[in-house]
Amino acid sequence: MKIFADQFRPTIAFVLLWTVIFGFAYPLLGTAMVQSLFPHQAQGSLIMSKDGKTLLGSELIGQPFSKPEYFWSRLSATSPFAYNAASSGGSNFGSNNPDLLKAVQGRIDDLKKADPDNNKPIPVDLVTASGSGLDPHITPAAAEYQIARVAKARNLPETKIRELVAQYTEGRGFGVLGEAGVNVLKLNLALDGKL
């Protein structure tokens with residue numbers, strides 16, 4: 001019994017203490033701080049309809065678009081369906097993998113079929129998936145590539161579409177991190193008049 005009192009009781013006490021501190025107190029404090037400092041982001045950066053009643057998506061999760069009147073997102077390699085937020089990840093295909101080359105060629109064919117008059121070079125982010133498979137952004141070059149197709153499909157002047165692209169282009173984080181990007185979901189929702 002003396003061994004138990006001398007060695008096991010302090011061990012059990014420390015396990016219980018650290019469980020309370022790091023298993024309950026720290027997560028609750030962290031959650032409370034994030035909820036109070038960044039409430040929009042802590043709730044998933046959700047996009048709601050103008051009336052605030054309908055959930056349209058999240059600023060952080062891409063969605064598939066394939067109609068000519070919409071800007072197309074990056075490809076998604078998530079399974080069992082594209083942009084599955086519960087299954088984030090890339091394809092892990094190497095640059096010589098036939099499945100990757102087949103997916104890239106398929107996307108090139110889709111882009112050319114949707115806009116046969118476009119002879120501009122296709123930006124790489126329109127034919128490859130991001131590492132997460134969920135990226136909601138495309139580069140400004142990828143948006144520029146699609147402006148003529150979207151304008152024609154919507155019977156709108158290209159200048160109007162270009163203004164919307166500029167409005168939904170987000171700069172580098174803190175002015176220096178990453179690259180500028182266009183949030184495709186927000187841009188397409190704005191085109192539909194939902195934002």
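What you see is a predicted model, and the numbers here were worked out from it, not measured in a lab. (Residues numbered from 1 in each chain as written. Predicted model: local features only at pLDDT ≥ 70, side-chain atom pairs only at ≥ 80, totals over all residues. Heavy atoms only, no water.)

S.K.: Please give an account of the nonpolar core that cites residues and values.
M.R.: The tendency in soluble globular proteins is for nonpolar side chains to be buried side by side. Core analysis: the biggest nonpolar cluster contains 28 residues, and Phe71, Ile138, Ile161, Val165 and Leu187 have the highest contact counts within it. Residue assignment for this core shows that the elements contributing at least two residues are α3 (98-114), α4 (140-154), α5 (158-167) and α6 (184-191). Not counting residues within four places of it along the chain, the set of residues in contact with Phe71 comprises Phe65, Ala143, Gln146, Ile147, Arg149, Val150, Ile161, Val165, Val184, Leu187, Asn188 and Leu191. (Core = buried A, V, L, I, M, F, W, Y, C linked by side-chain atoms within 4.5 Å. Buried < 20%, exposed > 50% of the residue type's maximum accessible area, 1.4 Å probe, protein only. Helix = DSSP H or I, 4+ residues; strand = E, 2+ residues; numbered from the N terminus. Contact = heavy atoms within 4.5 Å.)

S.K.: How would you summarise the pattern of salt bridges if you had to cite specific residues and measurements?
M.R.: Considering all chains together, one arrives at seven salt bridges under this definition. Between Glu144 and Lys120 there is a salt bridge, with the nearest N and O atoms lying 3.8 Å from each other. With Glu144 in helix α4 and Lys120 in the loop between α3 and β3 (137-138), this residue pair connects regions lying 24 residues apart in the sequence. Between Arg154 and Asp192 there is a salt bridge, with the nearest N and O atoms lying 2.8 Å from each other. Highlighted residues: Arg154 in helix α4 and Asp192 in the segment after α6, separated in sequence by 38 residues. (Salt bridge = Lys/Arg side-chain N within 4 Å of Asp/Glu carboxyl O.)

S.K.: An account of α4 is requested, with residue identities and associated values reported.
M.R.: With 15 residues, α4 extends 20 Å between its outermost C-alpha atoms, agreeing within 8% with the 21 Å of an ideal straight helix rising 1.5 Å per residue. At Gln146, α4 shows its strongest bend, of approximately 40°. The complete set of buried residues in α4 reads Ala142, Ala143, Tyr145, Gln146, Ile147, Arg149, Val150, Ala151 and Arg154. Taken together, the buried residues of α4 touch α3, β3, α5, β5 (181-183) and α6. One or two steps after α4, the chain reaches Asn155, where phi turns positive at roughly 55°. (Expected span 1.5 Å × (residues − 1). Bend = angle between axes of the 7 residues up to and from the residue.)

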